[in-house]
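# A look at the structure
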Amino acid sequence: MVSIKLVDISKTFGSIEALKNVNLEIHDGELFAILGPSGCGKTTLLRIIAGLEKPTKGRVYFDDIDVTNIPAEIRDVSMVFQFYALYPTTVFNNIALPLKSKGYSKIDIEKRVKEIAELVGIDKALKLHVDKLNVADKQKVALARAMAKEPRVYLFDEPLTILDPVTRVIMRSELKKLQQKLKQTIIYVTHDQIEALTLADRIAVMNFGVIEQVGTSWDVYNLPDTTFVGWFLGEPGMNFIEVAVDRDDLSIKIGSKKIFRDPRVGKKLLDLGLDKVLLGFRAENVVLVREALDVNAFNNITIDGVIRVIEFFGTHYVVNIEIEGFEFKVKLNVSEFNKLMLSENSKINALVKADKVCFFNLDNNRRIL
Amino acid sequence: MSKSEYVIQVKNIVKTYNGKIVLNNISFALKRGELLAILGPPGSGKTTLLKIIAGLVKQDAGDVIINGRIVNDLPPYERGVSLVFETLALYPNMSVYENIASPLIAEKKDKEYIDKRIGEITRLLKIEHILDRKADKLSGGERQRVAIARALAKEAEIYLLDEPLSNLDAKIRYALRTEFKKLKSLLGKTIILATSDPSDALALGDNVVLLFNGAIIQEGRPSDIYYAPRNISIARYLTGNILNEVSISIDTHGDDVSTDIGREFSIDPYFLKVLREVNETSIILTSYADVCIIDKFIENCSGIKVIGEFIGYEYRGSEYLLYARKERRIFRSLRTNLPNVTFGEKVEVCIPHRNALLFSSKTGDLIR
């Protein structure tokens, strides 16, 4: 068990800056996901934590002890790239090998292998050759082997990507159960947002070598710190529309159209010296109505636009609406869509609850409200 | 509608390779400005069909008719058709101009023509101000427009696009679909798009033709195909094999009902009546994930209810996809909230009859 602290970590490969001043604290016993698109630096970060890569700048701490210069084998971490890399022998031998190298006695090895195998649910297959196992069981063996190393921290790099969707869901549940039992620190790198949102206690969202946000699944999805996080999470990603504050009545406008009358928001933005900002909201938080909206309501953002494109996705529809040259997406379930009888190039009124919107700084794309 | 009101008609096309039929009696027609998605798994004959329309492969039988004129004997360049094999991914080190010009340079068009054509198309797509910029310096939206401009750079009345969205990052793919659909109506071009991804076909197509093993097995509007797939194989294909399914057997008197997931289930009386009326002894009951319900307790299930084991979920931000298992069947339910259950716990699974699809076990055909 260990807490991990990264302070001002940078890493360059030639002229490429893979990590830029990364600061991160991972709590003891937490399942922490590092999420980002390919090339964002997440694997480099994991390798630095493991000790397989040295940072160009910055320090790595395990429980407040500086381990920056301590080699990987002494850090007591177990890294699982893909569960597949097994020794061509029995399940038992695969799990026993790390124990042997730790100097366990034969009796202790037998006992410990059984314990671990039971924990991951592979105890019935101990005598089998790993070639005889299905993919999920092979991964369980790799996990068991990682556990046999008795590491202070587990580092997983996209371990479930090769699995079929159902096995992936089952393995995620197993992993979550196991982590609750073991209470070990697990750092889990993935490009798959569903994986991170489903599994993690907290997530760090990365882009271009920078950590954009650290938070719970709910936080990063509903209150993104940056427009990148808002865009990257969710399908579709968050809508962003440039809006301005009307200096006369403090309302919020898209182009010339007033969409939000609450003067408190307008005042807050002006007090921050911002008269133009990005309005962000999620496609599923928009309600479409045919009747005219009360534009004076303080608790709603009201937008009347024109439907440009309707896309059918089977379980839902995505309706693209244009207003004053800007566009946003609305996600509707099939019954809602059918009730509204929408068609392309027709007018429609959209409504978003005021507590479901965010405002972002246009210059640095960071959330203000 | 008179013949010439169709921009393109494909009539009874047959193609064999080494005695094997790869296209079997293919017919469809498109009006101006329509987008037809040809959807089928790899190897179903999509690319061969596009090549026949373009004139790159000769059919054994049947006609390709463009603007009312049979073009079977016309060379590709006289058909007014542009076949684009490339994906909509850009060359990152090339400028916007070079990216869009690449298919025209490959065709050995002169500089004057290329400049004029690029001028036209980039004005239309509002990207004329970024021609000198390198592709890797573009914003997401700009990149999409450039990609579409390149796909449509060759002047043609009909565009044939082969898997244009394959090999793209999911986020870019999602955005490109919308952009593509929007610009299609703006440009007023007729497009035939081949894809093996059902979501591309459903989201983009005005109409969809489903091609399996060289034959059209269903065609229609995306929602019509989705809600009334002619065969269970189509329903499975459209959902990426994540359809909820239960096999139900009914004895000849309709008194005894059994399922492939055991005898512990309950059926709503109205639904039982429906099952008896379909006059099949063995039925596969299916539902999509947004219709199926998984919860700790379901009081009123107007369909079939079984007790399963909760095996996990996916949190997608806006919704949860819940998974339950009963015997060898896996059930999925799309919900906006997570029920208060833990992994391995018992849950109730309900497939309501209203939006369920019934298929014959014998033939796989849709019954209702």
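## Here's the deal with the interface of chain B and chain A
Frequently, the measure chosen for interface size is the accessible area that the parts lose on association. Taken residue by residue, the interface counts 29 residues in chain B and 30 residues in chain A. The set of elements that each furnish at least two residues to the side of chain B that touches chain A consists of helix H5 (170–187), helix H6 (198–204), helix H7 (222–227), strand S16 (303–315) and strand S18 (329–335) of chain B. Ranked by residues supplied to the side of chain B that touches chain A, first place goes to H5(B) with six residues. Of the residues belonging to the side of chain B that touches chain A, the class tally is 16 nonpolar, six polar and seven charged.

## Things to note about the sheet that holds strand S12 (residues 252–254) of chain A
Strand-to-strand pairing in sheets goes through backbone hydrogen bonds, with the strands running parallel or antiparallel. Residue and element names in this part refer to chain A. Across the sheet, five strands lie side by side as S13-S12-S11-S14-S20; this open sheet has antiparallel pairing. The outermost strands of the open sheet, each flanked by one partner alone, are strand S13 (257–260) and strand S20 (357–361). Between one strand axis and the next, the sheet turns by 45 degrees as a mean value, whatever way the strands run. Here strand S11 (residues 239–245) runs beside S12; their pairing, made up of two bridges, is antiparallel. If you follow Val245 over to S12, its bridge partner there is Ile252. Contacting S11, S12, S13, strand S14 (276–281) and S20, helix H10 (residues 263–271) runs over the sheet at an angle of about 80 degrees to S11.

## Points about the environment of Ile118(B)
Residue and element names in this part refer to chain B. Secondary-structure assignment places Ile118 in helix H3 (residues 111–124). Sequence spacing of Ile118 and Ala194 is 76 residues, and the spatial spacing of their C-alpha atoms is 25 Å. Contact partners of Ile118, with chain neighbours within four places excluded, come to Tyr97, Ile100 and Ala101.

## Describing the domain arrangement of chain A
All names here are of chain A. By the assigned domains, chain A splits into domain 1 (4–231) and domain 2 (239–361). Taken over C-alpha atoms, the centre of domain 1 sits 40 Å from the centre of domain 2. Listed as interface residues are four residues of domain 1 and, on the opposing side, five residues of domain 2. Class assignment of the residues belonging to the side of domain 1 that touches domain 2 gives a composition of two nonpolar, two polar and no charged.

## Observations concerning the nonpolar core
Ala144(A), Ile187(A), Tyr188(A), Ile53(B) and Leu160(B) are the most contacted members of the largest nonpolar core, which has 209 residues in total. No other element matches helix H5 (residues 135–148) of chain A, which puts seven residues into this core.

About the cut-offs
- Residues numbered from 1 in each chain as written.
- Chains lettered and ligands numbered in written order.
- Predicted model: local features only at pLDDT ≥ 70, side-chain atom pairs only at ≥ 80, totals over all residues.
- Contact = placed C-beta atoms within 7 Å.
- Helix = DSSP H or I, 4+ residues; strand = E, 2+ residues; numbered from the N terminus.
- Nonpolar A, V, L, I, M, F, W, Y, C, P; charged D, E, K, R; others polar.
- Pairing = 2+ DSSP bridges.
- Axes fitted to C-alpha atoms, helices over the stretch in contact; angles between N-to-C directions.
- Domains from an automatic or database assignment.
- Core = buried A, V, L, I, M, F, W, Y, C linked by C-beta atoms within 7 Å.
- Buried ≥ 20, exposed ≤ 12 C-beta atoms within 10 Å, placed from the backbone.

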